Amino acid sequence: MTATIALVDDDRNILTSVSIALQAEGFLTRVYPDGETALKALVDNPPDLAIFDIKMPKMDGLELLRRVRERSQLPVIFLTSKDDELDEALGLAMGADDYIAKPFSQRLLIARIRAILRRAELAQAPDAGDADTASVIERGRLAMDPARHRVTWNGEPVTLTVTEFLIVETLAQRPGIVKTRNQLMDAAYQDDIYVDDRTIDSHIKRVRRKFRQVDATFDAIETLYGAGYRFSEE
């Protein structure tokens, strides 16, 4: 099925050029000039993925993401200005799946869109019956069902984005084993897409915050300074 991509940006040149490039790759596109205009449409009729500019009038991309995240785990890529490192960190901490700094290569943007859509498709694959129970990961109070994209802690559901799910899954598959940031990047970002260390750190902070919403004492994801992260053995 053809994927639909929503573009939210106050720069009409970017809306036009990116929309044309995506349509040439076989995607359907919807365009919105600001976050306020886009919000209702994104919630009522979600696309497969959305691209938000951060700096916009009426409602910026960060606020738009916050409101969308109240209702949906829609995959989101942020477009940021080259030097807006704080905005990038905030966006990732709020649950964005990726970010690209302007000016950007449309080829790179399309590659990242395809990578995120593939991960989302795997996460949302239809149930395959009882045979899927073999793939469920249980580590102490953690239970993860990759086939159904379900996560619980102490029996309480925890909602993770596709990228967050892949990071936690990678750590939980081998508890006690340290995973470097590069290994986590390889698990969460395929197709030779480059992201820096700060991206993984921001995702880990977001994951911890989500688990602590259901258990304030959650400390199963440990930081090994200078080495990486590990899921603690219980």
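Above this text sits the structure in question.
A quick note: this is a predicted structure, and the numbers were derived from the prediction, not measured.

K.L.:
What exactly am I supposed to notice about the sheet that holds strand β9 (residues 156-157) here?
P.N.:
Remark on secondary structure: sheet strands pair via backbone hydrogen bonds, oriented parallel or antiparallel. Ordered by their spatial adjacency, four strands build an open sheet running β6-β7-β8-β9, and the pairing between neighbours is antiparallel. Every other strand in the sheet has two partners, leaving β6 (137-139) and β9 as the edge strands with one partner each. The pairing of strand β8 (residues 150-153) with β9 spans two bridges and is classified as antiparallel. By the bridge assignment for β9, Thr152 is matched with Pro157.

K.L.:
I'm lost on empty space enclosed by the protein in this one. Help?
P.N.:
Any space left empty among the atoms is revealed by the rolling of a water-sized probe across them. Evaluated as defined, the whole model comprises one cavity of 30 Å³ or more. Approximately 50 Å³ is the volume found for the largest cavity. Considering the residues around the largest cavity, the lining is formed by Leu7, Val8, Asp9, Ile14, Leu15, Val18, Ile51 and Leu79. When residues of the lining of the largest cavity are traced back to their parent elements, those giving at least two are β1 (4-8) and α1 (12-24). The element that contributes the greatest number of residues to the lining of the largest cavity is α1, accounting for three residues. The residue makeup of the lining of the largest cavity, split by class, is seven nonpolar, no polar and one charged.

K.L.:
Honestly, the pairing of β8 in this entry has me stumped. Any pointers?
P.N.:
Note on strand geometry: in a regular strand, side chains alternate between the two faces of the sheet. Only one face of β8 is covered, namely the one carrying Val151 and Trp153; the face carrying Arg150 and Thr152 has none of its residues buried. Alignment of strand β7 (residues 142-145) against β8, held across four bridges, turns out to be antiparallel. Residue pairing in the sheet places Leu142 in a bridge with Trp153 of β8. Linkage of β7 to β8, two consecutive antiparallel strands, is achieved through a turn of four residues, within which His149 is found at a positive phi near 55 degrees. Between the end of β8 and the start of β9, which pair antiparallel, lie two residues, with Asn154 showing a positive phi angle near 55 degrees.

Calculation notes
- Residues numbered from 1 in each chain as written.
- Predicted model: local features only at pLDDT ≥ 70, side-chain atom pairs only at ≥ 80, totals over all residues.
- Heavy atoms only, no water.
- Pairing = 2+ DSSP bridges.
- Helix = DSSP H or I, 4+ residues; strand = E, 2+ residues; numbered from the N terminus.
- 1 Å grid on protein atoms, 1.4 Å probe; cavity = no way out; pocket = protein on both sides within 12 Å on 5 of 7 lines; lining within 4 Å.
- Points joined across faces, edges and corners; volume = space filled by probe spheres on them.
- Nonpolar A, V, L, I, M, F, W, Y, C, P; charged D, E, K, R; others polar.
- Buried < 20%, exposed > 50% of the residue type's maximum accessible area, 1.4 Å probe, protein only.

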